[in-house]
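Chain residues, written in single-letter form:
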Amino acid sequence: MASMRDIKRRKSSIQSTQQITKAMKLVSTVKLQKAKTHAERTDPYFQHMYRTVTSILARSGNMDHPYLAKNGSNKTAVVVITSNRGLAGGYNSNITKLVQSSGLAKEKVLLYTIGTKGKESLERKGYQVAEDASDVIENPTYKDAMEICDKVLKDYAQGKIGEIYLAYTHFKNTVVHIPSLMKLLPVEFSEAELTAADKNLIMNYEPNEREALDMIIPKYVTSIFYGALVEAVASENGARMQAMDSATSNAEEMISDLSLKYNRARQGSITQELTEIIAGAEAIS
């Protein structure tokens, strides 16, 4: 059985850890409120942009455009959004597992990483990182999303990659965060989207479809990236708040258990001393 000194030292250590987890929970809660508001304001535009562009392209038929046609490359770009810090439960590991279980061949995947945790984890698994913009996740802006979009689309137009996917965490609410993998290019349509598109309403472009899509597609991809970055920040802080809350509760339980063990050890020590005193007094008498 552990000595009273060991129990007291262990209890003191856990109390110090609990103070840290409480502080981290408080910081994450404050950050979450701001990030949640931002995500909720951005989400309607993010969703509407996706629906609008897919609806336009579904009504446009087959078009010859570099952003829409397969370019023959067997490489697949995956933009992976994680965080730069841990202590967020399964937030980062859920994204890395999603990429690994996506069915995309590892040797054909080029990663465009945002967040050092995902980058380091997937590099250890043998994935190749083409670009890293981990500093962006600290305070993402629309300009940051635009710069990432330009890099990815440039590689796509040059034939370095043949498909573009996005792996991020969708923020549903404070406690529900859903790892998601979205294919951005070439655009594919579900049966429901194709059915909803009225084939009699042919989409006309002015001045011409190429110039129009040269403007529309980058805005579409940038908007998706920015929406994903905003949701990822909210999800990260929500996951960290929950993780720190659980850690604080677990520390409280451990402190309570150690307090009970300490009291039992102290009671045992007192009982032993009394027994020795009584035994000594009887021996003298």
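Keep in mind it's a predicted model, so treat the numbers as computed, not measured.

> Which parts of the structure should I look at to understand the pairing of strand 3 (residues 128-132)?
Working note: regular strand, side chains alternate between the two faces of the sheet. For strand 2 (residues 109-114) and strand 3, the ladder comprises 4 bridges, and the chain directions are parallel. When the bridges of strand 3 are listed, Leu 110 appears paired with Gln 128. The β-α-β motif built from strand 2, the intervening helix 3 (residues 116-124) and the parallel element strand 3 has right-handed crossover chirality.

> How do you make sense of the packing of helix 1 (residues 4-58) against helix 6 (residues 209-284) when you look at a structure like this?
A pair of packed helices can be characterised by two numbers: the angle between their axes and the separation between those axes. Packing of helix 1 against helix 6 leaves a shortest axis separation of 4 Å and a crossing angle of 160°. Judged by the inter-axis angle, helix 1 sits roughly antiparallel to helix 6. Here helix 1 runs over helix 6; the crossing is left-handed. Its residues assigned to classes, the contact of helix 1 with helix 6 comprises 32 nonpolar, 14 polar and 15 charged.

> I would appreciate a short explanation of the confidence of the model for the protein in the present structure.
As a note on interpretation, predicted positions should not be read in detail where pLDDT is low. On average, residues of the protein carry a pLDDT of 87, and 93% of them reach 70 or more. Averaged over each element, pLDDT in the protein is lowest for helix 5 (residues 191-196) (56) and highest for strand 2 (97).

> What's the story with the sheet that holds strand 4 (residues 163-171) in this structure? I'm lost.
Whether parallel or antiparallel, the strands of a sheet pair through hydrogen bonds between backbone atoms. Judged by pairing direction, the sheet is mixed, and its 5 strands sit side by side in the order 3-2-1-4-5 without closing on themselves. Both edges of this open sheet fall to strand 3 and strand 5 (177-185), since each of them pairs with a single strand only. Sheet twist, expressed as the mean angle between neighbouring strand axes with direction ignored, is 25°. Pairing between strand 1 (residues 76-81) and strand 4: 5 bridges, direction parallel.

> Explain the pattern of salt bridges here, please?
Two side chains with opposite charge may pair up if their charged atoms get near one another. Across all of its chains, the model carries 8 salt bridges by this definition. A salt bridge links Arg 9 to Asp 6, with the shortest nitrogen-to-oxygen separation between them at 3.2 Å. Taken together, the positions of Arg 9 and Asp 6, both in helix 1 and 3 residues apart, correspond to about one turn of that helix. Residue classification places Asp 6 among the partly exposed residues on the basis of a relative accessible area of 38%. Between Lys 119 and Glu 123 there is a salt bridge, and its shortest N-O distance comes to 3.2 Å. On the criterion of helical spacing, the pair formed by Lys 119 and Glu 123 is a turn pair, its members being 4 residues apart in helix 3. Residue class for Glu 123 comes out partly exposed when judged on its relative accessible area of 37%.

> Help me understand helix 3, please; the structure alone is not making it clear to me.
Because an α-helix packs 3.6 residues into every turn, residues spaced three or four apart end up facing the same way. Turning to helix 3, its buried residues are Gly 118, Lys 119, Ser 121 and Leu 122. Summarising the contacts, the buried residues of helix 3 are in contact with strand 1, helix 2 (91-100), strand 2 and strand 3. Taken from the residues just after helix 3, Gly 126 is the one with a positive phi, measuring 100°.

> Even after reading the chapter, I still don't get the layout of surface pockets, so can you show me in this structure?
If a probe the size of a water molecule is rolled over the atoms, the empty space left behind becomes visible. By volume, the largest pocket amounts to about 370 Å³. As for the largest pocket, its lining consists of 16 residues, and the residues nearest its centre are Ala 35, Glu 138, Asn 139, Val 233 and Asn 237. Counting only elements with at least two residues in the lining of the largest pocket, the list comes to helix 1 and helix 6. The element contributing the most residues to the lining of the largest pocket is helix 6, with 6 residues. Class assignment for the residues of the lining of the largest pocket results in 6 nonpolar, 4 polar and 6 charged.

> For this particular structure, what's the right way to read unusual backbone geometry?
In terms of backbone geometry, most residues other than glycine have negative phi values and most peptide bonds are trans. Note that the residue after Leu 185, namely Pro 186, is joined by a cis bond; omega there is -15°. Within the fold, Pro 186 resides in the loop between strand 5 and helix 5. In this structure, Leu 87 takes a positive phi of about 55° despite not being glycine. Position of Leu 87 relative to the elements: it lies in the loop between strand 1 and helix 2. In this structure Leu 87 comes out as exposed when scored by relative accessible area, which is 54%.

> Just checking my understanding: could you explain the side chain of Thr 42 for this structure?
One can find Thr 42 in helix 1. Under the relative-accessibility criterion, Thr 42 is labelled buried at 11%. Each residue touching Thr 42, except ones within four places of it in the same chain, is listed here: Tyr 226, Gly 227 and Val 230.

Analysis parameters
Residues numbered from 1 in each chain as written. Predicted model: local features only at pLDDT ≥ 70, side-chain atom pairs only at ≥ 80, totals over all residues. Heavy atoms only, no water. Pairing = 2+ DSSP bridges. Helix = DSSP H or I, 4+ residues; strand = E, 2+ residues; numbered from the N terminus. Right-handed = clockwise from strand over helix to strand, strands pointing away. Axes fitted to C-alpha atoms, helices over the stretch in contact; angles between N-to-C directions. Parallel < 35°, antiparallel > 145°, perpendicular 65-115°, else oblique. Left-handed = near helix turned anticlockwise from the far one by under 90°. Nonpolar A, V, L, I, M, F, W, Y, C, P; charged D, E, K, R; others polar. pLDDT = per-residue confidence, 0-100. Salt bridge = Lys/Arg side-chain N within 4 Å of Asp/Glu carboxyl O. Buried < 20%, exposed > 50% of the residue type's maximum accessible area, 1.4 Å probe, protein only. Contact = heavy atoms within 4.5 Å. 1 Å grid on protein atoms, 1.4 Å probe; cavity = no way out; pocket = protein on both sides within 12 Å on 5 of 7 lines; lining within 4 Å. Points joined across faces, edges and corners; volume = space filled by probe spheres on them.

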